[in-house]
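# Remarks on the overall topology
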Amino acid sequence: MPTSPWTATAAAAGTAESLPDEVLVLGSRLLLRRARDIPRFIAASQAIRRQVMAADGALGLSLRAEPLAKTFWTLSAWRDQEALDSFVEALPHERTMRDFHLRLRDPVFVTWTVPRSTLPVDWSDAVSRIAGHAPR
């Protein structure tokens, strides 16, 4: 399963004048403990992708899957921290993270800001930032 291309949300394209010049980026690395959880995780990630695309304040996302390594990466951009927090606390994301909490090994979540004009975020930059926060 290759890296999905950056997909901008309708909100990102339709209301650019109402968006801040600086936006919040969330990058994550999710490493599953067991290979048998991969199909369920992929199915859950598709539901969460649909949630992001409809979420208020979401600007876009990309996903990277390395199933043989049981590793999944996410990259998304948000209007602000409040929009990201609302998404994280909503279903299906909240339930999925609760269900997978013990099935993940050393999950890494990193946020940073970028000028909105630089979206989409480059994966090499995101991976570097995420790796810099990963447990050693």
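Described below are features of the structure shown in this document.

Reading guide: rules and limits
Residue indices begin from 1 for each chain and proceed along its sequence in written order. This being a predicted model, a pLDDT of at least 70 is required before a residue's local features are given, and a value of 80 or more before pairs of side-chain atoms are given or counted; all residues contribute to the totals for chains, interfaces and linings. Only heavy atoms go into the side-chain values, all of them from the structure, while hydrogens and water stay out. Only rings of Phe, Tyr and Trp enter the pairing, Trp through its six-membered ring, and a pair is recorded when the two centres are within 6.5 Å. The plane angle decides the type: under 30 degrees is stacked, over 60 is edge-to-face, the rest tilted. Elements are defined by DSSP. Helices are runs of H or I of four residues or more, strands are runs of E of two residues or more, and each kind is numbered from the N terminus. Accessibility here uses a 1.4 Å probe with only protein chains present; expressed as a share of the type maximum, an area under 20% marks a residue as buried, one over 50% as exposed, and anything in between as partly exposed. Paired strands, in this sense, are two strands between which DSSP finds at least two bridges. A contact between two residues is defined here by any heavy atoms of the two lying within 4.5 Å. Throughout, the arc means the angular range of directions from the helix axis out to the C-beta atoms.

Turning our attention to the packing of aromatic side chains. Overall, the coordinates contain 3 aromatic pairs when judged by the stated rule. Arranged with centres 5.2 Å apart and planes meeting at 85 degrees, the rings of Phe41 and Phe100 form a pair that is edge-to-face. Within this pair, whereas Phe41 is found in helix H2 (residues 38–54), its partner Phe100 is found in helix H4 (residues 93–100), the two being separated by 59 residues in sequence. Like Phe100, Phe41 is buried. Taken together through their ring pairs, the aromatic side chains of Phe41, Phe72 and Phe100 make up a single cluster.

With that settled, consider the pairing of strand E4 (residues 71–78). Buried residues dominate E4, accounting for 7 of its 8 residues. With 8 bridges connecting them, strand E2 (residues 22–31) and E4 associate as antiparallel partners. Bridge pairing in E4 links Ser28 to Thr74. Taken together, the 8 bridges between strand E3 (residues 58–66) and E4 define a ladder with antiparallel strand orientation. By the bridge assignment for E4, Ala58 is matched with Trp78. Following E3, the chain reverses through 4 residues before pairing antiparallel with E4; Lys70 in that reversal takes a positive phi of roughly 60 degrees.

Right, let's get into the environment of Ala126. Within the element layout of this structure, Ala126 appears in helix H5 (residues 123–131). On a C-alpha basis, the gap between Ala126 and Ser45 in space is 19 Å, while along the polypeptide they are 81 residues apart. Once you skip the residues sitting within four places of it in the chain, Ala126 turns out to touch Leu75, Trp112 and Val121.

This brings us to H4. When H4 is considered as a whole, its buried residues turn out to be His93, Thr96, Met97 and Phe100. Down the axis of H4, the smallest arc covering the buried residues is 95 degrees, so these residues share one side. In this structure, the buried residues of H4 make contact with H2 and helix H3 (81–89).

None of this, on its own, says anything about what the molecule does.
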